[in-house]
Amino acid sequence: MSEENDLKAVEIVKAARGDEKTDSRSFINQLVSDFHEFHGDRNSGDDPAIIGGVGFLLGYPVTLISTQKGHEVKDRLATHFGSPEPWGYRKAVRLMKQAELFHRPVINLINTPGAFPGADAEKGGQGEAIADSIAKMMDLKTPIISLIFGEGGSGGALALASSDQVWMTEKSEYSILSPEGFASILWKDSAKAPQAAEIMGLTPHDLLNAKVVEKIIPEPLDIASLQRDLFLKFKELCSLHAEDLVTLRYQRFRKF
């Protein structure tokens, strides 16, 4: 039995929010080589909560997009603790469309409590940006794999997880809202978050059983093994005709 199966849901949530998972840049630099970062959505600006660019996965060019929380206080404030704004999602869409143009597979790394709910973000079209990202991903004619390695919160995570396959590390969580939010709505008491976590089905094991995700990655991460798994799955997905790839992705989400 894996360690994840032995942990309570509230312990999984705590581990998913751990400080060791806040800096995506080190993860990116381990996973791909020669990473070249791009900035901006070509409309409103740049969002440090979304890192995006091109690198090489075992010598194969890929587009990689990741949420970012940051370690230092100034970085966490700039990224809203890993909560992207509309221009962050639009940057992600821009890079995914570029990947489609050059027939590059896309890796999305996700660790976010959700999209930023601030007034400027809402005024800037947060809901529309999330919806557009989901819609564009559903029709993207290049393979996409999303890996949740920390928090996967609500539509803010789904905006980057509408992919061919969703993988999770064993100490990560994926849910419609936080356990605290769930407890506040159901019992009017956020202190009941541990009970909420147990019944929400947000752990990797629960989600694998429900066929919401396809794979659980053991922790601590074996980067060489993860690189190999991604490479082999992309090789399989790239062998499909583009229209068949989109059809299978559509069918994956229609079953829910």
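For clarity, every value in this text was computed on a predicted model and none was experimentally measured.

1. Focus on the nonpolar core
Then, number 1: Ranked by internal contacts, the top residues of the largest apolar core, which has 25 residues, are Ile-65, Met-96, Val-106, Leu-160 and Tyr-174.
Then, number 2: Residue assignment for this core shows that the elements contributing at least two residues are helix 5 (86-101), strand 4 (106-112), helix 7 (126-138), strand 5 (144-153) and strand 6 (165-169).
Then, number 3: Of all the elements, helix 5 adds the most residues to this core, at six residues.
Then, number 4: Dropping the residues within four chain positions of it, Tyr-174 is found in contact with Ile-148, Gly-152, Ala-157, Leu-158, Ala-161, Met-168, Leu-202, Leu-207 and Val-212.

2. Concerning the packing of helix 3 (residues 24-31) against helix 12 (residues 223-238)
Then, number 1: Put simply, helix 3 and helix 12 touch, their axes get as near as 10 Å, and they point 65° apart. In terms of axis orientation, helix 3 runs roughly perpendicular to helix 12. Contacts from Phe-27, Gln-30 and Leu-31 in helix 3 reach Ile-223, Leu-226, Gln-227 and Leu-230 in helix 12.
Then, number 2: Classifying every residue of the contact of helix 3 with helix 12 gives five nonpolar, two polar and no charged.

3. Looking at the pattern of salt bridges
Then, number 1: Applying the stated criterion across every chain, the model contains 15 salt bridges.
Then, number 2: Across the pair Lys-141 and Asp-139 runs a salt bridge, and its minimum N-O distance is 3.6 Å.
Then, number 3: The partly exposed category is assigned to Lys-141, whose relative accessible area is 30%.
Then, number 4: Looking at Asp-139, the relative accessible area reads 44%, which means it is partly exposed.
Then, number 5: A cluster of three or more residues bridged by salt bridges with shared partners is formed by Arg-17, Lys-69, Glu-151 and Glu-180.

4. Remarks on the packing of aromatic side chains
Then, number 1: Inspection of the entire model under this criterion finds four aromatic pairs.
Then, number 2: Where Phe-27 meets Phe-149, the ring centres are 5.2 Å apart and the plane angle is 75°; that geometry is what we call edge-to-face. Of this pair, Phe-27 sits in helix 3 while Phe-149 sits in strand 5, and the two are 122 residues apart along the sequence. Each member of the pair, Phe-27 together with Phe-149, is buried.
Then, number 3: An angle of 70° between the planes, with centres 6.4 Å apart, marks the rings of Phe-253 and Phe-256 as edge-to-face.
Then, number 4: Here the guanidinium or amino end of Lys-215 rests over the ring plane of Trp-167, the centre of that ring lying 5.6 Å away.

5. Let's talk about the pairing of strand 6
Then, number 1: Here strand 6 lies mainly inside the structure; five of its five residues are buried.
Then, number 2: Residue alternation in strand 6 divides its side chains into two sets, Gln-165, Trp-167 and Thr-169 and Val-166 and Met-168, and both sets are buried.
Then, number 3: Where strand 5 and strand 6 come together, four bridges link them in parallel fashion. When the sheet's bridge partners are listed, Ser-146 is paired in strand 6 with Val-166.

6. Concerning the side chain of Asp-47
Then, number 1: Mapped onto the fold, Asp-47 is located in the loop between strand 1 (33-38) and strand 2 (50-57).
Then, number 2: Of the buried charged residues, Asp-47 lacks a salt bridge, with Lys-91 as the closest side chain of opposite charge at 6.5 Å.
Then, number 3: Excluding residues within four positions of it along the chain, Asp-47 makes contact with Pro-84, Glu-85, Trp-87, Gly-88 and Lys-91.

7. Concerning the side chain of Thr-142
Then, number 1: Along the polypeptide, Thr-142 turns up in the loop between helix 7 and strand 5.
Then, number 2: Within the structure, Thr-142 has its side chain in polar contact with the backbone oxygen of Arg-104 (distance 2.9 Å).
Then, number 3: Setting aside residues up to four positions removed in sequence, Thr-142 forms contacts with Ala-99, Glu-100, His-103, Arg-104, Pro-105, Val-106, Asp-164, Leu-245 and Arg-249.

Criteria and thresholds
- All residue numbers refer to positions counted from 1 along the written sequence of the respective chain.
- With pLDDT at 70 or above as the cut-off, local features in this predicted model cover only qualifying residues; side-chain atom pairs require 80 or more to be listed or tallied, and sums for whole chains, interfaces and linings still use all residues.
- Only heavy atoms go into the side-chain values, all of them from the structure, while hydrogens and water stay out.
- Here the nonpolar core consists of buried residues drawn from Ala, Val, Leu, Ile, Met, Phe, Trp, Tyr and Cys, with membership extended through side-chain atoms lying within 4.5 Å.
- Remark: exposure states derive from per-residue accessible area (1.4 Å probe, protein chains only) relative to the maximum for the residue type, with buried under 20%, exposed over 50%, and partly exposed in between.
- Helix and strand definitions follow DSSP, with helices as H or I runs of at least four residues and strands as E runs of at least two, each counted in order from the N terminus.
- Residue contacts are counted whenever heavy atoms from the two residues lie within 4.5 Å of one another.
- Only the contacting stretch of a helix is used when fitting its axis, a line to C-alpha atoms as for every element, and angles between N-to-C directions run 0 to 180 degrees.
- For classification purposes, angles smaller than 35 degrees are called roughly parallel, those larger than 145 roughly antiparallel, those between 65 and 115 roughly perpendicular, and all remaining angles oblique.
- Note that Gly is not counted as nonpolar here; it falls among the polar residues with everything else outside the nonpolar set of Ala, Val, Leu, Ile, Met, Phe, Trp, Tyr, Cys and Pro and the charged set of Asp, Glu, Lys and Arg.
- A carboxyl oxygen of Asp or Glu within 4 Å of a side-chain nitrogen of Lys or Arg is what we treat as a salt bridge.
- Aromatic rings from Phe, Tyr and Trp, with only the six-membered ring used for Trp, were paired whenever their centres fell within 6.5 Å, and each pair was classed as stacked if the ring planes differed by under 30 degrees, edge-to-face if by over 60, and tilted otherwise.
- Charge over a ring is defined by NZ of Lys or CZ of Arg lying within 6 Å of the ring centre and within 35 degrees of the ring normal.
- The criterion for strand pairing is that DSSP finds at least two bridges linking the strands in question.
- Residues scored as charged are limited to Lys and Arg (positive) and Asp and Glu (negative), so that His and the chain ends carry no count.
- Definition of a polar contact: a pair of N or O atoms within 3.5 Å, with one able to donate and the other able to accept a hydrogen when the atoms are protein atoms, and with sequence-neighbouring residues admitted only if both atoms are side-chain atoms.

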